[in-house]
Structures are given as C-alpha cells and as structure tokens.
Amino acid sequence: MKNNYKDSFEQIKIAGSLAAETLDEVTAFVKPGVTTDKLDKICYEFIKDNGGYSAPLYYRGFPKSCCTSVNHVVCHGIPTQKYLNEGDIINIDVTAIVNGWHGDTSRMFFVGEVSTKSKNLVSATYNSMMKAISIIKNGIHLGDIGETIQTYVEKKGFSVVRDFCGHGIGTVFHETPNILHYGKKGEGMKLETGMIFTVEPMINEGVYNTKLLKDGWTAVTKDKYLSAQFEHTVGVTNDGYEIFTKSKKKYEQPPYLI
C-alpha cells in the first residue's frame, strides 16, 4: 500500500466519497418515528445504486448493511424495527466497497431536540477526532493520536472506550495497524507516508467500560450512560494527511442544516 500510494489514495477516495455521500443522503430521514431498519435500507440502496456494495452486510455474519448505535450503544448496533424517539442520539456507520476498495465513515445524528449533555458529548467526540487527524503526518507515533484524543475528552469529563479501535483499511476491510484512541505521545509505531487507516473515537459520558450483548455484535456502555462516535478514513502524506470521507454537503457534526 505504501508503494505508489497516490494510486491507492485515488482508489480509496472513490469508496470514501460514496460512503460520505450515503450519510449525506440518510440525514434527512433521521427523525422521530423512523426505524433503524428503514435507515439501513436507505443506506443499502444508495450505495448499490451508485455502483458500490455495503461491506458490513454478511461480514462475519453481520445481518445488515450498516451499524446504527443509539444512545448507550457504543458501536455495532444492529438495525431493527424499533423506532427512534425525540431526544435520541444515533451513530450511523457505513462502509462502501467500490472496485475492491473500502471507504469507512460514521457520524452522529440528533433525533429531534436533544439534551445539552448529549450535545456536549457529541461535540467533544467530533472535536477529539479532528484534533487527532490534524496532527497526522509521516513520522509521528500512533500514541500521539491516542494521547490527543484522550487528553481532550478527559478534560471535558468524558472517557475513551478501550475495547474498540480504529484500523488499517484498503482492499481489506480491517487490517493492521490498530489505531488506539488513548495512549502516550511517542509510543507505538511510527506513521509512514501511504498508510491508510480509520480514526474513530468512541467516547462515553460515564466510565469507559463496555459489554457485549447476546447478539454477539452490539456493544453498550456498562453503566448505560450515553456514548458517541465519529469516524473518518484518512491517509498519511509526507507533510500531513488526507481525509477520504468528507461530506460534500459539509455535514460535519449535528445539527445538520438540511
């Protein structure tokens, strides 16, 4: 992946753009009274109609084409016929495959009017991701990314989930390196030009501990307090980074002006 990395960047940019456009498309449908299954179908159809395939569908047995994680669900929530309610917060996580390349991204959404604590958590999560991405360049350590996120959110009174992390990505959905969202500056492997991976901090309102539900996928906060997550797929350049999953409509964090 490091050789001829510009070719790799061009390929993954196509998949990343489709993933981002999928979240742009579903935004208008996130409102009280919609089911997460409906949102899943919208994402599936949009990716399919635009020449891609939804990577999560049947991946290791996952039954749906995207992940919908509501309120205290940390990640990997399975879409169902359950309705969203006023005041909920939800993360929608999509990965599009185009020409064998994966573009992986997620955003938080507000369902109607939400509480101040929800807004603060979601804002802190987004800002922590972008602060971490902003330091990415050839030669920094993975621990620098983790420390940036951890320091920022802990000062806000929140905690960083330890049980899940970002990952390398390309023609393979999940590969090395693991991108921890906590850590110490100067620790871990050094980043090299051409590397592609996700930065996807999961930030909890309460303690960082999680537990897995009986379905084998859905991870929730152990204390049932809220959790939030954002995700971008990024590439390392000589003097910085490139984000492959930016919203063309500039839907960066909620509330989104539709």
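These figures come from a predicted structure and were not determined experimentally. (Residues numbered from 1 in each chain as written. Predicted model: local features only at pLDDT ≥ 70, side-chain atom pairs only at ≥ 80, totals over all residues. Heavy atoms only, no water.)

A closer look at the sheet that holds strand S10 (residues 202-204)
Hydrogen bonds between backbone groups are what pair the strands of a sheet, and the pairing can be parallel or antiparallel.
Point 1. Strand order across the open sheet formed by three strands is S6-S10-S13, with antiparallel pairing between neighbours. The strands lining the two open edges of the sheet, one partner per strand, are strand S6 (159-160) and strand S13 (227-229).
Point 2. Relative to S10, S6 runs antiparallel, the two being bridged by two bridges. Bridge pairing in S10 places Val160 opposite Ile203.
Point 3. Along the sheet, helix H3 (residues 116-134) makes contact with S10 and S13, crossing S13 at roughly 35°. (Pairing = 2+ DSSP bridges. Helix = DSSP H or I, 4+ residues; strand = E, 2+ residues; numbered from the N terminus. Contact = heavy atoms within 4.5 Å. Axes fitted to C-alpha atoms, helices over the stretch in contact; angles between N-to-C directions.)

What about the packing of aromatic side chains?
Point 1. Going through the model one piece at a time under the given rule, you end up with seven aromatic pairs.
Point 2. Here Tyr59 and Phe173 contribute two aromatic rings whose centre-to-centre distance is 4.8 Å and whose plane-to-plane angle is 55°, an arrangement assigned as tilted. Placement of Tyr59 in the loop between strand S1 (53-54) and strand S2 (67-70) and of Phe173 in the loop between strand S7 (166-168) and strand S8 (175-179) is noted, with a sequence separation of 114 residues between them.
Point 3. Taking the centre distance of 5.4 Å and the plane angle of 45° together, the rings of Tyr251 and Tyr256 count as tilted. Here the two residues Tyr251 and Tyr256 agree in accessibility, since each one is buried.
Point 4. Among the aromatic residues, those joined into a ring-pair cluster are Tyr5, Phe9 and Phe244.
Point 5. Sitting over the face of the ring of Tyr182, Arg162 holds its NZ or CZ atom 4.7 Å from the ring centroid.
Point 6. Sitting above the plane of the Tyr208 ring, Arg162 keeps its charged end 4.1 Å from the centroid. (Phe/Tyr/Trp six-rings, centres within 6.5 Å; stacked < 30°, edge-to-face > 60°. Buried < 20%, exposed > 50% of the residue type's maximum accessible area, 1.4 Å probe, protein only. Lys NZ or Arg CZ within 6 Å of the ring centre and 35° of its normal.)

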